[in-house]
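What follows is each chain in one-letter form.
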Amino acid sequence: MKRRDILKGVAALPAFGAGAVAEAHQAPPARDYFSELGLRTFINAAGNYTSMTASLMPPEVMAAIQSSAQKYAMLDDVQDKVGEKIAELCKAEAAMVTAGCWSALVLGMAGVLTGMDGKKVAALPFPEAAGMKSEVILQKSHANGYHLALANTGIKFVLVETKEELARAISEKTAMLWFLNREGPVGQIKDEEWVALGKKHGIPTMIDIAADVPPVENLWKFNQMGFDLVCISGGKALLGPQSAGILMGKKDLIAAARLSAPPRSGIGRGHKVNKEEIIGMYAALERYVKHDHAKDWKMWEARIAHIKNQLGGLKGVYTEDILPPVANHTPSLKIGWDPSAVKLTREEMGEKLRQGTPSIETIAWEEPDSIRITVFMLQPGQEKIVAGRIREELARASV
Ligand SMILES: *Cc1c(COP(=O)(O)O)cnc(C)c1O
C-alpha cells in the first residue's frame, strides 16, 4: 500500500484525529443491505409492530451504539452504571436493561421468587420444588397473552375480577400481584388500589407499561405510585433498540432479577443484552425524557389533518380521529368507506398500499371496509405520500 493510500484510508475513519487509533475496526464503505438482500422496505403508517421491526433508532441512539462498540467493559459494570442513570431518570430505586418488556416480566418475576438465594435461582423454572411461592394473581381482563411471560418461571395464575375475589385468592403461595396497564380501564380494580392491596397483604406488585409512553410522565408515575416493579419496552415509542427494555423498581428486587440474567446462567440466560444495546437504551431514554413532546404531538396532529384534508370530497369515504386511551396513545386515524361506493375490502386496500411504490404498511385487519393508520412512526413528509396513495386507491375503486 502506498503511503498516500494509507492516509486516504485513515481520513475515511469517522473520527479522524487523536481518537482514530482507538477505533476497534475500520469503517467500511456504506452498503445498502436491504437492496443487496432484496428486502422490501416500507413507510410505517401502522405503528410499533415487532413484525415490522417497530421503530427507527434516532441518531443519538445510533451514535451511542457505535461508540460503545469500540471498547470492552464488564457486562455487570455496564448494567450497574446504566441502571443508576435509568433509575434517576425514572425516579425509581433501581433499574436494569432487559431484552425487551417480555424479558423484564420474566426476569422481574424470577427476582421476586428467588430473592438473593442462589439455590432458588438455580431451581427455576420449578419454584415449588425449591419451596418458593408459586402463584401470581391478576384480573381476568388483564390475562391477554403478555401475562404468559411470567409463566416462564414456572408460576401458575389465579384470575380474579373483584376485590373480594382477590382477598379470597391470596394464600401463602401468592408470590406477586400483576397489573397490565393497557387493560387498566377495563378491570374493576384500578392501579392505585392494586398497589394498596399489595401493600396491605405484603405482596409485591408488578405493572406492564410496555407501550405506554407517551405521555412521558408514565416513566415515573408507576414507580411513584408504589409498584414494586415496572416493565417497559425499549423499542416502541422510546425509540431505543428493538431488542431492549427496562425493568425498574425496588433495589432488592432488581438485584435479585439480575441473578437470573446474563452474565449468569439460569432461566434468563437467553435474555442477553449486549453493552451496545444497554448503552443505546440509556441514550434513547435520556433523549426521550429531554424531548419536546408537545412539539411532536402538534406535528402528529398536523399529519393527521393533512391526510384527512387530502381524503376530503371522495364519495362514500369518511375519516374518524382515534386516540387510544392507553398503549400507543398517539393521534391516529380510521379511514372507512361505504362498500357500495368503493369496491375494495380492507385486505385488498392493505395489499394495494403494500404493493405500491413506495410500499406502505397500514393497519388493515381491525374492522371491515376501513383501515387505520398511526403517524408517529412516519419520517417527516411521508404523510404526503401516505395521503396521496390512499386517495389514489380509494378513487380508483370508486363506483
Ligand atoms: C409489546 C408488549 C410487550 C412485549 O414487549 P417487547 O419489548 O416486545 O418484549 C409486553 N406487554 C405489552 C402490553 C406489550 O404491548
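Residues numbered from 1 in each chain as written. Predicted model: local features only at pLDDT ≥ 70, side-chain atom pairs only at ≥ 80, totals over all residues. Heavy atoms only, no water.

Asker: Quick question: what am I supposed to make of the site of the ligand here?
Answerer: In the region of the ligand, the neighbouring residues are Gly100, Cys101, Trp102, Tyr146, Leu180, Asp208, Ala210, Ser233 and Lys236. At 2.7 Å, a side-chain N or O of Asp208 approaches a nitrogen atom of the ligand. Starting from 380 Å² of accessible surface for the ligand in isolation, the protein chains cover 87%. (Near = heavy atom within 4 Å. Polar contact = N/O pair within 3.5 Å; in protein donor to acceptor, adjacent residues only side chain to side chain. Areas by Shrake-Rupley, 256 points an atom, 1.4 Å probe, with all protein chains shown as cover.)

Asker: Mind showing me how you'd approach empty space enclosed by the protein here?
Answerer: In this approach a probe as big as a water molecule rolls over the atoms, and the regions it shows empty are the leftover space. In the structure shown here, the tally under the stated rule is 1 cavity of 30 Å³ or more. Estimated volume of the largest cavity: approximately 50 Å³. Around the largest cavity, the lining residues are Leu75, Gln79, Met96, Val97, Thr98, Leu107, Ala261, Pro262, His271, Val273 and Ile278. Secondary-structure elements contributing two or more residues to the lining of the largest cavity are helix H4 (75–89) and strand E2 (94–98). The leading source of residues in the lining of the largest cavity is E2, at 3 residues. Its residues assigned to classes, the lining of the largest cavity shows 8 nonpolar, 3 polar and no charged. (1 Å grid on protein atoms, 1.4 Å probe; cavity = no way out; pocket = protein on both sides within 12 Å on 5 of 7 lines; lining within 4 Å. Points joined across faces, edges and corners; volume = space filled by probe spheres on them. Helix = DSSP H or I, 4+ residues; strand = E, 2+ residues; numbered from the N terminus. Nonpolar A, V, L, I, M, F, W, Y, C, P; charged D, E, K, R; others polar.)

Asker: Looking at this model, I keep getting lost on unusual backbone geometry. Mind explaining?
Answerer: Working note: non-glycine residues mostly have negative phi, and peptide bonds are mostly trans. Cis peptide bonds are those with omega within 30 degrees of zero, and the linkage from Val213 to Pro214 qualifies with -5 degrees. Mapping Pro214 onto the fold places it in the loop between strand E6 (205–208) and helix H9 (218–225). Between Thr357 and Pro358 the backbone carries a cis peptide bond, its omega angle lying at -5 degrees. Relative to the elements of secondary structure, Pro358 occurs in the loop between helix H13 (346–355) and strand E11 (360–361). Residues other than glycine seldom take positive phi values, yet Ala54 does so here, at roughly 60 degrees. Looking at the element boundaries, Ala54 is found in the loop between strand E1 (43–44) and helix H3 (59–68).

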